Amino acid sequence: MSPTSALAFIAEDPEGFARIGLYAEDTGTVLAPARTVDKESFCAVVQQLESRHAPRWVMLRTRGWCELLAAADVYLAKAYVLSLAQRILHRSPAAGQIEDFDLESAPSPSSQPEFQDALFAAPASGETLEELLAMYAAQQAAMPADPVLRAKLRLLLNAESVGALIASEMENTGLSWDERAHRALLREQLGPQVPEHHRPAKLAALAAQVGAALGTPGLNPDSPQELLRALHKAGFAVQSVRAWELEHINHPAIAKVLEYKKLSRLASTHGDAWLDQWVADGRFHPHYVLGTVASGRWAASGGGALQLPHSIRQVVRAPAGSTFVVADGRQLEPRILAAISQDANLQKAGAQDDLYQWLIDAQLVRDRHDAKLGMLSVIYGGSAGGSAAVGAALKKNFGTAMDYVDSAARAGERGEGVHSFLGRGCPPADERWMRAQRSTRDEASQRAADAAARSRGRFTRNFVVQSTAAEWALVWMGHARHLIHQAGYSQLCRQVFFVHDEIVFECPVELADELAGMIRTAAALAGRTLFGAHSVNFPVSIAVTANYADAK
DNA sequence: TGAATCACG
DNA sequence: ACGTACGTGATTCAC
């Protein structure tokens, strides 16, 4: 006899702290009368319900609740985050009409000065239990009737929600950061620390050298206009001051310019001010943002977590006795394309752990570089320069996959929408785009309209792949989290970082191999969860290292 | 506020 | 025949 699966709602209680209600998922029957819980007993009550019913925890957003639970080491297995679900349903072509939910404009604890510290704040008004129940009911009503579409969308909503739990856990845990090593690196490369918005000694010296080398004393190399003028005056016929353009010129003055740009960037994006703001107690605490990127990828606000330069990863170091287990989905997007397009040849290539090597062995491409370039060209919709020839070879062999992305591109060019494998819809063409398509009186506006149409085509072509890759990654993380908890390692093995197709765990050295096995298993499970028993292969590459810079 | 530039996938 | 790569965030300059 299997117990009824339960839904536990966490709502704000206008009188106290939280209001928690327990219901049967299928019938909506009340399993336990709604109860008011104060802040002191909140975590204990949630823990008790979790052990007894293992419910799916329904909440408007994680903020306000999950920080507390994380601090108390309370583990929630399943969640349903209403705000995120609402966004997805609003955009999904499979779902019925339902209004959008704007997290930004919704009242939030952090927008109120007296609730600056989210750790000790209950969510603000507008989140009563009755309102949450009504919101959930409306979302259920908007779910598609078709059982396959329904199951897929349900999976997406659950995966997105577990992602929100993981994001909250990672924010709370933070990424182990060697602040002393970071400061030492800054001292070595920039010189002594200076007040914010001042130029460090070595950078100032370099700026003077650049000015002298170009014959423009007092030049500010941070100004692209000034720098471009100075370069022209010194006889360099460059179009811009972009590093990749300057790199083609072999000249000592240019070398100085490039050196300056690199150092200046380090000082401004990961200098002392960054450390002061983002690293506390030896850990970097980023803020992940879900539900804003169209494709379902995550964004990060603050600290630029998702653009962590490779050059700075050397100071990401695990504490003594611990190590990082760094895993990334190998050639994820081509495999996703193989799965969604059902291209038999591409699936054959994907049966290998190294898809690019297969392309080389089949003599479709010369080397890995071309293999990667060719696949990107196919997925992004490019046909320029050197990638054209490579793309052509792939197009011939993977016709079915090409037809799939081409048809997504054509739909976008017509102003139609596309969606991910599980049913995440892309944003509709906006009013400006529609207007551009309608006003084609003269040649110039016709060209502009065509350019906008092609641009949208490239976006939708990429969307079908990128959005499905994003949901594979969510399901992968969710499975990994579940396997780790089942093994009893939730407290020991913590996910500390995530970037689109790469996850980083921190764990005791002696658990690293076991954890690596669970991550591989989770990847295979993710493939089967999305695409069924005959899913394409989803290998992951794993590095065990105490220093993030050594991972790849 | 927007453009340039550069960091990441 | 034509012209392009897809998606983000942070900083700084220039208006």
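Since the model is a prediction, treat every value here as computed from it, not as a measurement. (Residues numbered from 1 in each chain as written. Chains lettered and ligands numbered in written order. Predicted model: local features only at pLDDT ≥ 70, side-chain atom pairs only at ≥ 80, totals over all residues.)

On a plain count of helices and strands, chain A comes out with 20 helices and 14 strands. Relative to a compact globule of 552 residues, whose C-alpha radius of gyration would be 24 Å, chain A shows 26 Å and is just as compact. Here the C-alpha coordinates of chain A stretch approximately 80 × 55 × 55 Å along the principal axes. Per-residue burial for chain A yields a buried fraction of 39% across its 552 residues. Considering only intrachain contacts with a sequence separation of at least 6, the fraction spanning at least 24 residues in chain A is 63%. (Helix = DSSP H or I, 4+ residues; strand = E, 2+ residues; numbered from the N terminus. Rg over C-alpha atoms; globule rule 2.2 N^0.38 Å. Buried ≥ 20, exposed ≤ 12 C-beta atoms within 10 Å, placed from the backbone. Contact = placed C-beta atoms within 7 Å.)

Note: strands within a sheet are paired through backbone hydrogen bonds, in either parallel or antiparallel orientation. Spatially, β6-β8-β7 is the arrangement adopted by the three strands of the open sheet, whose pairing is antiparallel. Edge positions in the sheet fall to β6 (175-176) and β7 (279-280), since each has one partner strand and no second. Relative to strand β8 (residues 283-284), β7 runs antiparallel, the two sharing two bridges. Counterpart to Ala-280 in the pairing with β8 is Arg-283. (Pairing = 2+ DSSP bridges.)

In this section: unusual backbone geometry. With a phi close to 70°, His-197 is a non-glycine residue in the positive phi region. Positionally, His-197 belongs in the loop between α6 (179-190) and α7 (201-213). With a phi angle near 60°, Gln-363 is a residue other than glycine that sits in the positive phi range. Looking at the element boundaries, Gln-363 is found in the loop between α14 (355-361) and α15 (368-380). With 8 C-beta atoms packed within 10 Å, Gln-363 lands in the exposed category.

For the rest of this paragraph, the subject is the packing of helix α3 (residues 82-91) against helix α5 (residues 147-173). The interhelical angle for the contact between α3 and α5, taken along N-to-C directions, is 140°, at an axis separation of 9 Å. Between α3 and α5, the angle is such that the two are oblique. When the axes of α3 and α5 are compared, the crossing they make is right-handed. Contact with α3, carried on its side by Leu-84, Ala-85 and Ile-88, involves Leu-156, Leu-157, Glu-160, Ser-161 and Ala-164 of α5 and no other residues of that element. (Axes fitted to C-alpha atoms, helices over the stretch in contact; angles between N-to-C directions. Parallel < 35°, antiparallel > 145°, perpendicular 65-115°, else oblique. Left-handed = near helix turned anticlockwise from the far one by under 90°.)

It is worth spelling out the domain arrangement of chain A at this point. It is common to report an interface's size as the accessible area lost on association of the parts. The domains assigned to chain A are domain 1 (1-173), domain 2 (181-275) and domain 3 (343-466). When each unit is reduced to the centre of its C-alpha atoms, the spacing between domain 2 and domain 3 is 37 Å. (Domains from an automatic or database assignment.)

Here the focus is the pairing of strand β11 (residues 322-329). Burial analysis of β11 places seven of its eight residues in the buried class, the great majority of the element. Where β11 meets strand β13 (residues 502-508), seven bridges bridge the pair, whose relative direction is antiparallel. The partner of Asp-328 across the bridge, within β13, is Glu-502.

A large share of strand β12 (residues 494-498) lies buried, amounting to four of its five residues. Here β12 runs beside β13; their pairing, made up of four bridges, is antiparallel. When the bridges of β13 are listed, Arg-494 appears paired with Glu-506. The turn linking β12 back onto β13 is made up of three residues, and His-500 within it adopts a positive phi angle of 65°.

Between the first and last C-alpha of helix α17 (residues 399-413) there are 20 Å, a value that for 15 residues agrees with the 21 Å anticipated at 1.5 Å per step. Every buried residue of α17 is listed here: Ala-401, Tyr-404, Val-405, Ala-408, Ala-409, Gly-412 and Glu-413. In this structure, the buried side of α17 is in contact with α12 (332-341), α13 (344-350), α15 and α19 (443-486). At the exit of α17 stands Gly-415, carrying a positive phi of roughly 90°. (Expected span 1.5 Å × (residues − 1).)

Further remarks concern the packing of α12 against α19. For the pair α12 and α19, the least separation of the axes is 9 Å and the interaxial angle reads 105°. If you check the angle between α12 and α19, you find them roughly perpendicular. Between α12 and α19, the residues in contact are Leu-332, Glu-333, Ile-336, Leu-337 and Ile-340 and Val-464, Val-465, Thr-468, Ala-469 and Trp-472, respectively. Classifying every residue of the contact of α12 with α19 gives eight nonpolar, one polar and one charged. (Nonpolar A, V, L, I, M, F, W, Y, C, P; charged D, E, K, R; others polar.)

Here we take up the protein's contact with DNA strand B. By nearness alone, 17 residues border DNA strand B, and Arg-242, Ala-243, Gln-307, Pro-309 and His-310 come closest of all. Broken down by element, the residue count for the surface near DNA strand B peaks at three residues, all from helix α10 (residues 252-270). A breakdown of the residues in the surface near DNA strand B according to their chemical character gives seven nonpolar, four polar and six charged. (Near = placed C-beta within 6 Å.)

With respect to topology, five strands assemble into an open sheet ordered β3-β2-β1-β4-β5, the strand pairing being mixed. Of all strands in the sheet, those bounded by a partner on one side alone are β3 (30-37) and β5 (78-81). Here the average twist between neighbouring strands, direction ignored, is 20°. Looking at chain direction, strand β2 (residues 18-24) and β3 are connected through five bridges and run antiparallel.

Moving on, we get to α10. Here α10 is 19 residues long and its end C-alpha atoms lie 27 Å apart, about the 27 Å a rise of 1.5 Å per residue gives. Along α10, the residues that are buried comprise Ile-254, Val-257, Leu-266, Ala-267 and His-270. Elements in contact with the buried residues of α10: α6, α7, α9 (243-246) and α11 (272-278).

Let us now look at the environment of Leu-355. Relative to the helices and strands, Leu-355 is located in helix α14. In this structure Leu-355 touches Gln-331, Pro-334, Arg-335, Ala-349 and Gly-350, once residues within four positions along its chain are discounted.

Confidence in the prediction of chain A, expressed as mean pLDDT, is 92, and 94% of residues score 70 or more. Contacts of residues 108-123 to residues separated by more than four positions or lying in other chains number 28 contacts, the stretch itself having pLDDT below 50. (pLDDT = per-residue confidence, 0-100.)

Along the chain, Pro-309 falls in the loop between β10 (299-301) and β11. You can call Pro-309 exposed: it has 11 C-beta atoms within 10 Å. Sequence separation between Pro-309 and His-270 is 39 residues; the distance between their C-alpha atoms is 9.1 Å.

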